[in-house]
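Structural description and commentary
Now for the letters of each chain:
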Amino acid sequence: MTSMRPLAGWLTVVLFLLWGSSWVGHIGSPLSALLLFTWLFLVIVWVAFGVVHEAEELAHMLGEPLGTLVLTLSIVIIEVVLISAVMLDSSGSSTLARDTMYAVLMIVLNGVVGLGLLLGGFRHYEQAYNLKGASAYLSVIIPLTLTALVLPDFTTSTPDGSLAPPQALAFSLLTLALYGVFLWLQTGRHRGYFVTADAQPVDAKSVAQQPAGAISRKKLLRHFALLLVNILPIVILSKSMAKILDYGMAATGAPKALGGIIIAILVFAPEGISALIAARADRLTRAINLCLGSAASTLGLTVPAVLAISLYTGQPVLLGVPPSSIVMLMATLILSAMTFSSARTTMLEGAVHLSLFVVFIVLIFSP
């Protein structure tokens, strides 16, 4: 089953390389677009589960937090590629990056966190986790969220929620620097913040120093290679997915924000399921690493990527979210800070996060 995933992905790549230009370039009806979209969507999600599988294998070999970091970065790379493909292939996607980042934050911080805490609390009553790690994630997520998605609405250099070139360059460098410092601390001197209290963190040096019978370098490289084998079909198919998504949004008159939600669900579904499984198994620290790590990675990598594309192509990118979304973001960030302010969680926190997620869904279709 595991080997079938990349095979299905690469077979689809070959078919689209041979006939994809005629299929996608001459979409005759909404039905044909729906069939192509469903095909690509299912293949990409299935192959993405292969990415998760290989990342999980690496997680067991490398230990935390390196294992979770490999998974979150792999998923966010897919997200950045999909957003970039749509931006470079369509002139009407100026809000896609904003909508996708906003959707990821709502889905992760309210949907997945809420359902995970609800399931875990129902089964285990109370769950413990490493409070220092969650606090470290939030200390990065909060300023990056406000800088990327809220502040552009209040700057005066531009009137429409975009950033002027000096602002875009400065904010990109700031975002990369802050996220880089966070990764350095997460994998270095403060890696103990991201493991359970009774677990010992493992770093790359300790892995390399293990006996030959423990973890072989050959096995490690094999799983890294398989990780790339699973990621590359998604990257290649993203251009076709972008064209079909753009056509479908225009043909159906669907809310523009729905495109960002589709991409967010597409890339985060495997990781979200992994987080829910971890929460239900009372491995809340790992679930939090997956959820908050993906939120931090999305902001830390997507913002510089889309701003770089904007500066290179001259295509405008609107980052500032609407007023109702600002309210939702502020409520989510405040609630997340309250939820992860003590070392134990219950079902109540999960129910409150899920209530905000329902409000988010309602506002998409009835703003």
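Treat the numbers as computed from the prediction; the structure is a model and nothing was measured. Along each chain, numbering runs from 1 in the same order as the chain's sequence is written. Side-chain atom pairs in this predicted model are given and counted only at pLDDT of 80 or more, local residue features only at pLDDT of at least 70, and totals for whole chains, interfaces and linings cover all residues. Calculation of side-chain values draws on the structure's entire complement of heavy atoms; hydrogens and water are dropped beforehand.

Concerning the side chain of E54
Numbering of helices and strands starts at the N terminus; helices are DSSP runs of H or I of at least 4 residues and strands are runs of E of at least 2. Looking at the element boundaries, E54 is found in helix α2 (residues 30–62). The charged side chain of E54 is buried without a salt bridge, its nearest counter-charge being R222 at 5.8 Å. By the criterion applied in these results, polar contacts are pairs of N or O atoms within 3.5 Å in which, for protein atoms, one can donate a hydrogen and the other can accept it, and in which residues neighboring in sequence qualify only through two side-chain atoms. At 2.8 Å, the side chain of E54 forms a polar contact with the side chain of H223. Buried residues are those whose accessible area, probed at 1.4 Å on protein chains only, stays under 20% of the maximum for their type, while exposed residues exceed 50% and partly exposed ones sit between those limits. The positive count covers Lys and Arg only, the negative count covers Asp and Glu only, and His and the chain ends enter neither. Counted as salt bridges are all cases of a side-chain nitrogen of Lys or Arg within 4 Å of a carboxyl oxygen of Asp or Glu.

Some words on helix α10 (residues 284–313)
To estimate how far a helix should reach, multiply one less than its number of residues by 1.5 Å. End to end, α10 covers 42 Å across 30 residues, agreeing with the expected 44 Å (1.5 Å per residue, within 8%). Approximately 25 degrees is the largest bend angle found in α10, and it occurs at T302, with the proline P304 only one to four residues beyond. For α10, the buried fraction is high: 24 of the 30 residues fall into the buried class. Directly after α10, the chain includes G314, whose backbone phi takes a positive value near 80 degrees. Fitting one axis to the seven residues ending at a residue and another to the seven starting there, the bend at that residue is the angle between the two axes.

Describing empty space enclosed by the protein
By rolling a water-sized probe across the atoms, one finds the places where empty space is left. Within this scheme a cavity is a closed region of a 1 Å grid, computed over the protein atoms alone, that accommodates a 1.4 Å probe without allowing it to escape, whereas a pocket is open but has protein on both sides within 12 Å along at least five of seven lines; lining residues each have an atom within 4 Å of a point. Grid points are joined across faces, edges and corners, and a volume is the space filled by probe spheres set on the points. In total, this model carries four cavities of 30 Å³ or more according to the counting rule given. Within this model, the largest cavity holds a volume of roughly 80 Å³. Elements with a contribution of two residues or more to the lining of the largest cavity: α4 (96–124), α9 (257–280) and α10. Lys, Arg, Asp and Glu make up the charged group, whereas Ala, Val, Leu, Ile, Met, Phe, Trp, Tyr, Cys and Pro make up the nonpolar group; the residues left over, Gly among them, are polar. Taken together, the residues of the lining of the largest cavity sort by class into ten nonpolar, one polar and no charged.

Focus: the confidence of the model for the protein
Per-residue confidence from the predictor is given as pLDDT, running between 0 and 100. Within the protein, residue pLDDT values average 83, and 90% of them lie at 70 or more. Helix α11 (residues 323–339) holds the highest mean pLDDT among the elements of the protein, 95, whereas helix α7 (residues 204–208) holds the lowest, 47. Within the model, pLDDT remains below 50 along residues 200–214, and this stretch shows 16 contacts once partners closer than five positions in the same chain are excluded. Two residues form a contact once any of their heavy atoms are found within 4.5 Å.

Some points on the environment of G111
Considering the arrangement of structural elements, one finds G111 in helix α4. Note on G111: relative accessible area 10%, which makes it buried. Sequence-wise, G111 and L354 are 243 residues apart; in three dimensions their C-alpha atoms are separated by 5.6 Å. Those residues in contact with G111, other than ones at most four positions away along the chain, are M106, L354 and F357.

Side note on the environment of E79
With respect to the helices and strands, E79 occurs in helix α3 (residues 66–89). C-alpha separation for the pair E79 and I265, spaced 186 residues apart in sequence, amounts to 9.9 Å. The residues contacting E79, other than those within four sequence positions of it, are T100, V104, V267, T298 and T302.

Focus: the packing of α4 against α10
Note on geometry: axes are C-alpha line fits, over the in-contact stretch for helices, and angles between N-to-C directions span 0 to 180 degrees. The geometry of α4 relative to α10 is characterised by a closest axis approach of 10 Å and an angle of 175 degrees between their N-to-C directions. Taken together, α4 and α10 sit at an angle that is classed as roughly antiparallel. Residue-level contacts link A97, M101, V104, L105, V108, L109, V112, V113 and L117 of α4 to L284, C291, L292, S294, A295, T298, L299, T302, V303 and V306 of α10. For classification purposes, an angle smaller than 35 degrees is called roughly parallel, one larger than 145 roughly antiparallel, one from 65 to 115 roughly perpendicular, and anything else oblique.

Topic: unusual backbone geometry
Even without a glycine there, the phi angle at Y125 is positive, about 65 degrees. Checked against the element boundaries, Y125 lands in the loop between α4 and β1 (127–128). By relative accessible area, which is 68% here, Y125 ends up exposed. A positive phi angle is found at D282, which is not glycine, with a value near 65 degrees.

What about a nonpolar patch on the surface?
Patch membership needs two things, relative accessible area over 30% and no salt bridge, and members are linked within 9 Å if like-charged or within 5 Å if nonpolar (Val, Leu, Ile, Met, Phe, Trp, Tyr). The protein chains shown are the only cover counted for residues, whose accessible areas, like all others here, come from Shrake-Rupley with a 1.4 Å probe. A contiguous nonpolar patch, built from W10, L17, L228, V229, L232 and I236 and spanning about 530 Å² of accessible area, is present on the exposed surface. Listing elements by their share of the nonpolar patch, those giving two or more residues are α1 (4–25) and α8 (217–252). With four residues, the top contributor of residues to the nonpolar patch is α8. Mapped onto the elements, V229 comes out in helix α8. Under the relative-accessibility criterion, V229 is labelled partly exposed at 30%.

Points about the packing of α1 against α8
In a pair of packed helices, the angle between the axes and the distance between the axes together describe the arrangement. In contact at an axis separation of 9 Å, α1 and α8 are set at 30 degrees when each is read in the N-to-C sense. The angle between α1 and α8 places the two elements in the roughly parallel class. Remark: the crossing between α1 and α8 carries left-handed chirality. Together, R5, P6, G9, W10, T12, V13, F16 and V24 of α1 and V229, N230, L232, P233, I236, L237, S240, K243 and I244 of α8 make up the contact between the two elements. Put simply, a crossing is left-handed when the front helix is turned counterclockwise from the back one by less than a right angle, and right-handed when it is turned clockwise.

Section: the packing of aromatic side chains
Pairs of aromatic rings are described using the distance from one ring centre to the other and the angle between the two planes. Under the pairing criterion, centres of Phe, Tyr and Trp rings, with the six-membered ring standing for Trp, must be within 6.5 Å; the plane angle then separates stacked pairs below 30 degrees from edge-to-face pairs above 60, leaving the rest tilted. Counted under the stated rule, the structure contains twelve aromatic pairs. Both rings, one in Y137 and one in F194, keep their centres 5.2 Å apart while their planes meet at 75 degrees; by these two values the pair is edge-to-face. One end of the pair, Y137, is in helix α5 (residues 131–150); the other, F194, is in the loop between α6 (165–187) and α7, with 57 residues separating them in the sequence. Using a relative accessible area of 2% as the deciding quantity, one classes F194 as buried. Put simply, the rings of F16, W19, W23 and W39 touch in pairs and so form one group of aromatic residues.

Here's the deal with the nonpolar core
Taken as a class, soluble globular proteins show a tendency for nonpolar side chains to be buried jointly. Grouped together as the largest cluster of nonpolar side chains are 102 residues, with contacts concentrated most on I141, F182, L292, L329, F340 and F360. Take this core: its biggest share by element is 15 residues, from α2. Leaving out residues up to four positions away in the same chain, I141 has contacts with L292, A295, A296, L299 and L333. Only buried residues count toward a nonpolar core. Its members are Ala, Val, Leu, Ile, Met, Phe, Trp, Tyr and Cys residues joined through side-chain atoms within 4.5 Å.

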